[in-house]
Amino acid sequence: MKDKVKVNGSELDAHGLHYSELNRQILRLLRKGQQSMTLRGVNGQRYIGAGIQAKAQLAVHGTPGNDLAAFADGLQITVYGNGQDAVANTMNKGKLVIHGSVGDLLGYSLRGGSVLIKGSAGYRAGVHMKQYVDQKPLLVIGGTAGDFLGEYMAGGDLVVLGLGCTADHPVVEDNIAPGMHGGRIILPEPVPEYSLGREVHVYELTNEDLAFLRQTTLMYSQTFGASAQHILQRRFVKVAPKGARPYQAMYA
Amino acid sequence: MQRMLEGEFRIPSGCAVSGIMNCRGIRFPGNSIVDSISLMHERSNGLGGGFAAHGVYPDLPQHYALHVFYSDHAAKEGTEELIAANDWTVAHDEPIPTRKTGLVADAPLIWRYFLQADLSRDDRHSTTGVDDRMLQLVLAINDGVSGAFVASSGRNMGVFKGVGYPEDIGEFYRLDEYRAHTWIAHGRFPTNTPGWWGGAHPFGLLDLSVVHNGEVSSYGANRRFLEMHGYKMNLQTDTEVMAYALDLLWRRYEYPLELVAAVLAPPFWKKIDRMPKPQRELYTALRTVYGSLMMNGPFSIIVGWSGGMFALNDRVKLRSLVAAEQGDYLYAASEEAAIRQVCPNPDRVWFPRGGELVVGRISPQQATQPHEALATGGDVA
């Protein structure tokens, strides 16, 4: 792995670079007051933008490694490529836009900010997402999502638009949101009864839900160029917890 | 010499796995698999790395290529006596060529034998018969000869593994000088056990090689079932139950691979109940008869064999696994970047579901590869 990295202005060439050196370069540019930077040739480097508290903008070209933007606080990151596992792990604030698909554990215990995925997500997307006072995260998945979507979810909004998935095929096949006790999931029908975790129920959208869905779909279409009208042809429903304390009986 | 035997069975690990195969059986050098696994350097901790290559000995394709580690010469002599005593003739044997690299230390004596079963025996005509005899030899060596460990025992294939990071193990064994149609690789991250050469992956058994990221929580139940079918658990790694289960169901009972996968990572009963009658009865029977061979616990495995490669996740996908295709090549790995490192723009990338089989078979109308004949390039006979 070469150590010296070519830095011209705000361009970083990440080819063959270890993630710790790459992240050091990012921090160095930020400390020098650089507000926006472009990373090229990224392939597998982990923790990009992790734990960084800054309003800067990062454009990432390639396949960022696991824990992209983990614990990030304020960064605006755009990825031109696919993300791997644990994208936006415990992200606190900021915006993350991925022009591709991602692996498992998307938005794992996400605390705030917004995450927009153009394509699909793997298993356990939005696991243990939460919200607190004004910290309310938004997680949007354009395509389909794997099982255990929204498991142990405690807050925030999780929207799956189902693009690329035929109308009769469920957008999430099984094990939707077991242990969910807060927050809201909106996804297209069909959402078969058997695919639901015991702690959740399917509800019709309220007017407020519908307005929120339209606004989110518009944001998605403006970001990725899809047609909001086409997306909203399908009928959407809400999955939410039956009660705030599903394990109450267990501890009664 | 490093302690040959590892005390602890269970190795919870966040390792790296990778596999590449050519669906037309065209053989390619080991550089790409080494590059792919080395991209996932962070997933290993230097206590184990290894590769399996299928189609690697084209000059002696029908001989069993036994790769053996010896802690000392006495172990070598003991093993060679056992080989002779079990009616095997040694067509050729030699130390496996290695390169001096400071990063791989304390290597045991590493030897390989090209064996043919004596024709005097009555089971000389049935391949399963000869396979079973080789299996008995392997179990006898690992069980009976202290300081000897058989790393692989298949035909026209070999496992090259040891203690170290996988990329250094690849350099140590000079894998760039070999060509194979299917390569699998593993980088190990054992937490509570010291690495040892025999405990590294892949785990080779006859035609199979297995790399395994994860842990077999059901090891005890699997073991009890397999021991009734003549398998001995003496290889100090929980992966062995996977290899033996595959050997039993796939080689000996000749179940189709799709059903074997449905035994190792079966559909949940609630899903079986929703199936149409024929499938419902099939999967109910499979789970009833082979319930003890379900592999519980998080895992992603990649298996190579003479006919290709397959990858499989546990039923609820508790370990990462991504697959990709481009032209004749099939890839599977713990991380997408490990695939893109050697195949920047795959035609298709996908994430297998829990229990969903990803398989690449070498198509029967295997293209004749004229250029193949030229591909000697330092091939080791």
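Quick summary incoming for the structure in this document.

Some details on the overall build of chain A
Secondary structure assignment for chain A yields four helices and 12 strands. The globule rule puts the C-alpha radius of gyration for 252 residues at 18 Å, and the 19 Å found for chain A is close to it. Its C-alpha atoms put chain A at 55 × 45 × 30 Å along the principal axes. Buried positions account for 50% of the 252 residues belonging to chain A. Sequence separation of 24 or more characterises 40% of the internal contacts of chain A that already satisfy a separation of 6 or more.

Here we look at the sheet that holds strand E12 (residues 208-214) of chain B
Think of a sheet as strands paired side by side through backbone hydrogen bonds, with each pair either parallel or antiparallel. Residue and element names in this part refer to chain B. Read across the sheet, five strands follow the order E11-E12-E13-E14-E18 without closing on themselves; strand pairing throughout is antiparallel. Edge strands, defined here as strands with exactly one partner in the open sheet, are strand E11 (203-205) and strand E18 (358-361). For this sheet, the mean inter-axis angle between neighbouring strands, taken without regard to orientation, is 15 degrees. Bridge count between strand E13 (residues 299-305) and strand E14 (residues 308-313): six bridges; the pairing is antiparallel. Bridging across to E14, Val 303 finds its partner in Phe 310.

Let's talk about the packing of helix H5 (residues 219-227) of chain B against helix H6 (residues 239-252) of chain B
Residue and element names in this part refer to chain B. In contact at an axis separation of 10 Å, H5 and H6 are set at 40 degrees when each is read in the N-to-C sense. The angle between H5 and H6 falls in the class oblique. Note on packing geometry: the crossing formed by H5 with H6 is left-handed. Here Tyr 219, Asn 222, Arg 223 and Leu 226 of H5 come into contact with H6, specifically with Val 241, Tyr 244, Ala 245 and Leu 248. Class assignment for the residues of the contact of H5 with H6 results in six nonpolar, one polar and one charged.

Describing the nonpolar core
The nonpolar side chains of a soluble globular protein tend to be buried, and buried together. Formed by 113 residues in total, the largest nonpolar core has its most connected members in B:Ala245 and B:Leu264. Take this core: its biggest share by element is nine residues, from H6(B). Apart from the residues lying within four places of it in its own chain, the contact partners of B:Leu264 are B:Ala245, B:Leu293, B:Met294, B:Met295 and B:Leu312. Formed by 70 residues, the second largest nonpolar core is a distinct cluster that contains A:Leu12, A:Ala125, A:Phe236 and A:Ala240.

Considering the environment of B:Lys161
Residues and elements named next belong to chain B. By the element assignment, Lys 161 lies in strand E8 (residues 157-162). Residues Lys 161 and Ile 141, spaced 20 residues apart in sequence, show a C-alpha to C-alpha distance of 18 Å. When neighbours within four sequence positions are excluded, Lys 161 is seen to be in contact with Gly 49, Gly 50, Phe 51, Ala 151, Ile 169, Ala 200, His 201 and Pro 202.

A short note on the interface of chain A and chain B
The partner chain B presents 17 residues to the 15 residues of chain A that form the contact. When grouped by side-chain class, the residues that make up the side of chain A that touches chain B number two nonpolar, nine polar and four charged.

Cut-offs applied
Residues numbered from 1 in each chain as written. Chains lettered and ligands numbered in written order. Predicted model: local features only at pLDDT ≥ 70, side-chain atom pairs only at ≥ 80, totals over all residues. Helix = DSSP H or I, 4+ residues; strand = E, 2+ residues; numbered from the N terminus. Rg over C-alpha atoms; globule rule 2.2 N^0.38 Å. Buried ≥ 20, exposed ≤ 12 C-beta atoms within 10 Å, placed from the backbone. Contact = placed C-beta atoms within 7 Å. Pairing = 2+ DSSP bridges. Axes fitted to C-alpha atoms, helices over the stretch in contact; angles between N-to-C directions. Parallel < 35°, antiparallel > 145°, perpendicular 65-115°, else oblique. Left-handed = near helix turned anticlockwise from the far one by under 90°. Nonpolar A, V, L, I, M, F, W, Y, C, P; charged D, E, K, R; others polar. Core = buried A, V, L, I, M, F, W, Y, C linked by C-beta atoms within 7 Å.

Purely geometric numbers; function is a separate question.
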